[in-house]
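Examination of the molecular architecture
Each chain, written out:
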There are 2 protein chains.
Amino acid sequence: MSRTYSRQFVHPVALLSVKYQDIENLATMAWVSPVSFDPPLVMVAVSPKRYSHELVEKSGEFALIVLSDNQKELSTLAGTKSGRKEKKWDLEPFKRLRKEPQIIRAPLLKECRAAYECKLVNQLTTGDHTLFIGEVVAAEIHEDVDPLILFNREYRKIGDFIARYP
Amino acid sequence: MSRTYSRQFVHPVALLSVKYQDIENLATMAWVSPVSFDPPLVMVAVSPKRYSHELVEKSGEFALIVLSDNQKELSTLAGTKSGRKEKKWDLEPFKRLRKEPQIIRAPLLKECRAAYECKLVNQLTTGDHTLFIGEVVAAEIHEDVDPLILFNREYRKIGDFIARYP
């Protein structure tokens, strides 16, 4: 089955921020979702090929930063370079928006829609990805900006209101 | 932490269709995502309180039907009634759109954005939900309709194009 199967889902665009010892990295993720209300848990699916994969396992924590629709450049920047070759946090757009976390060690970003500080509580291998399950230990939400959407390899804005979910 | 944390993510709206012996059910799900390219796997997070939870476990398979932005009524209908009390597939809107599957036993729907027939290959308890991991054994995609979005308890259309993801 081709990758087309995976392109029929709308996704948020999130940056996975990790810090292990003095190594920091950022990577772009679309396969993310809440997975529990109580405790509050989120999941992110990460390929074991990604540099961030080992940094999450080693540090046991991560931040998930839900980008706003003004931040597509950050998604593209973090998603098209490897942290093995380049320190992404040294790039100007990230340096400018960097914000220190409250509880974990991985840095956050300003001007996003939401940022979650997470402790890794479980993981599961699913085919060619690993599901990392994080407990949200701190969260900040900025309702003044709209979330960026990824759909069928296009960045999109959120569209017209249809109805309330009852 | 309140449920607000979970409302910052954009979601597709999917109907989970299950059939165990002669029992059929439909339930509305937003916590869904692809989780592997090869093999093609999807995950859906289901509360153990839901009737569909036991039907997925017993049957070992499920369909995931990604609704179009013309189908919000189906989401609301499947999401606000319990299959323990009512046979949802007997309701007129579902009866009218019912479509037989290729490989699994759970019925599909016409006029959706996409429909995936899945074999349950793994599951993981994450807090108050269970992640069911399904291998996609058949898929149909209808690119002539746009997907329905759920965000912050509102149905939304997909919005303006911003840029291609590189």
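Report on the accompanying structure. (Residues numbered from 1 in each chain as written. Chains lettered and ligands numbered in written order. Predicted model: local features only at pLDDT ≥ 70, side-chain atom pairs only at ≥ 80, totals over all residues. Heavy atoms only, no water.)

**Focus on the interface of chain A and chain B**
Size of an interface, as often reported, equals the accessible area lost when the parts are brought together. Put simply, the test is: Contacts are residue-level and defined by heavy atoms, with any inter-residue pair within 4.5 Å sufficient. Note: buried area is the sum, over both parts, of the accessible area (probe 1.4 Å) each one loses when the two are combined. The term salt bridge refers to a pairing of a side-chain nitrogen on Lys or Arg with a carboxyl oxygen on Asp or Glu at a separation within 4 Å. Counting of polar contacts relies on pairs of N or O atoms within 3.5 Å, with two restrictions inside protein: one atom must be capable of donating a hydrogen and the other of accepting it, and residues adjacent in sequence are counted only when both atoms are side-chain atoms. In DSSP terms, a helix is any run of H or I states spanning at least four residues, a strand is any run of E spanning at least two, and both are numbered starting from the N terminus.
Across the contact, 70 residues belong to chain A and 70 residues belong to chain B. Across the interface of chain A and chain B, roughly 6,600 Å² is buried in total on both sides, 68% from carbon and sulfur atoms. A per-residue breakdown of the area chain A buries against chain B is headed by Y5, F37 and Y165 of chain A, which together make up 13% of the total. At the boundary of chain A and chain B, one finds two salt bridges. In this structure, E154 of chain A engages R164 of chain B in a salt bridge whose closest nitrogen and oxygen atoms are separated by 3.5 Å. Our count for the chain A to chain B interface comes out at 32 residue pairs in polar contact (both at pLDDT 80 or more). Listed by contribution, the elements that provide at least two residues to the side of chain A that touches chain B are strand 1 (11–12), strand 4 (32–36), strand 5 (41–46), helix 2 (72–79), strand 9 (114–126), strand 10 (129–141), strand 11 (149–151) and strand 12 (154–164) of chain A. When residues in the side of chain A that touches chain B are grouped by element, the largest group, 11 residues, is from strand 12 of chain A.

**Comments concerning the layout of surface pockets**
Rules: Using protein atoms alone on a 1 Å grid, points that fit a 1.4 Å probe yet trap it form a cavity, whereas open point sets bounded by protein on both sides within 12 Å along at least five of seven lines form a pocket; residues with an atom within 4 Å of a point count as lining. Grid points are joined across faces, edges and corners, and a volume is the space filled by probe spheres set on the points. Three categories are distinguished: nonpolar for Ala, Val, Leu, Ile, Met, Phe, Trp, Tyr, Cys and Pro, charged for Asp, Glu, Lys and Arg, and polar for the others, with Gly belonging to the last.
Size it by volume and the largest pocket reaches roughly 930 Å³. Taken together, 37 residues line the largest pocket, and the ones lying closest to its centre are R3, T28, R50 and H129 of chain A together with F37 of chain B. Of all the secondary structure elements, the ones that give two or more residues to the lining of the largest pocket are strand 3 (23–29), strand 5, helix 1 (51–59), helix 2 and strand 11 of chain A. Ranked by residues supplied to the lining of the largest pocket, first place goes to strand 3 of chain A with four residues. In terms of residue class, the lining of the largest pocket is built from 16 nonpolar, 12 polar and nine charged. Within this model, the second largest pocket holds a volume of roughly 660 Å³. Every residue lining the second largest pocket is counted, 25 residues in all, and those nearest its centre are F37 of chain A together with R3, W31, R50 and H129 of chain B. At the level of elements, strand 3 (23–29), strand 5 (41–46), helix 2 (72–79) and strand 11 (149–151) of chain B are the ones that each hand at least two residues to the lining of the second largest pocket.

**Remarks on the packing of aromatic side chains**
The condition that has to hold: Any pair of Phe, Tyr and Trp rings, taking the six-membered ring for Trp, is counted once the centres come within 6.5 Å. Such a pair is stacked with planes under 30 degrees apart, edge-to-face with planes over 60 apart, and tilted for the rest. Buried, partly exposed and exposed residues are distinguished by accessible area as a fraction of the type maximum, computed with a 1.4 Å probe on protein chains only: under 20%, between the cut-offs, and over 50%, respectively. For a ring to carry a charge above it, either NZ of a lysine or CZ of an arginine must fall within 6 Å of the ring centroid while also lying within 35 degrees of the normal to the ring plane.
For the structure shown, the criterion picks out 10 aromatic pairs over all chains. On the basis of an interplanar angle of 10 degrees and a centroid distance of 5.4 Å, the ring pair of F9 of chain A and Y116 of chain B is categorised as stacked. With F9 of chain A in the segment before strand 1 and Y116 of chain B in strand 9 (residues 114–126), this pair bridges two chains. Consider the rings of Y165 of chain A and Y155 of chain B, whose centres lie 5.7 Å apart with planes at 70 degrees: the pair is edge-to-face. Of the two residues, Y165 of chain A sits in the segment after strand 12 while Y155 of chain B sits in strand 12 (residues 154–164), which places them in two different chains. On the accessibility criterion, Y155 of chain B (0% relative accessible area) is buried. Taken together, the aromatic side chains of Y5 and F9 of chain A together with Y116 of chain B make up a single cluster linked through ring pairs. Sitting above the plane of the W89 of chain A ring, R98 of chain A keeps its charged end 5.1 Å from the centroid.

**Focus on the sheet that holds strand 11 of chain B**
Within a sheet, adjacent strands bond to each other through the backbone by hydrogen bonds, running parallel or antiparallel. The condition that has to hold: By this definition, two strands are paired if DSSP reports at least two bridges between them.
Pairing within the open sheet is antiparallel, and its six strands lie in the order 1(A)-11(A)-12(A)-12(B)-11(B)-1(B). Taken across any chain shown, the strands that pair with only one partner, and hence form the sheet edges, are strand 1 of chain A together with strand 1 (11–12) of chain B. Two strands pair when backbone bridges link them, and strand 1 of chain B and strand 11 of chain B are joined in this way by two bridges, in the antiparallel orientation. Paired with H11 of chain B across the two strands is L150 of chain B, which belongs to strand 11 of chain B.

**What to know about the relation of the copies chain A and chain B**
Look at the two chain copies: a rotation about an axis and a shift along it is all it takes to match them. As a reminder of what qualifies: To superpose the copies, least squares is applied to the C-alpha atoms of every residue with a pLDDT of at least 70 in both.
Mapping chain A onto chain B is achieved by rotating through 180 degrees and translating by 0.0 Å along the same axis, at an RMSD of 0.0 Å. The operation mapping one copy onto its partner corresponds to a two-fold rotation axis. Using C-alpha coordinates, one finds that chain A approaches the rotation axis most closely at G159 of chain A, a distance of 1.8 Å. A share of 100% of the interface residues of chain A reappears at the interface of chain B, consistent with the copies meeting face to face through the same patch.

**Quick look at the side chain of S47 of chain B**
Residues and elements named next belong to chain B. You can see S47 is positioned in the loop between strand 5 and helix 1 (51–59). For S47, a relative accessible area of 13% translates into the label buried. When neighbours within four sequence positions are excluded, S47 is seen to be in contact with H53, D128 and H129.

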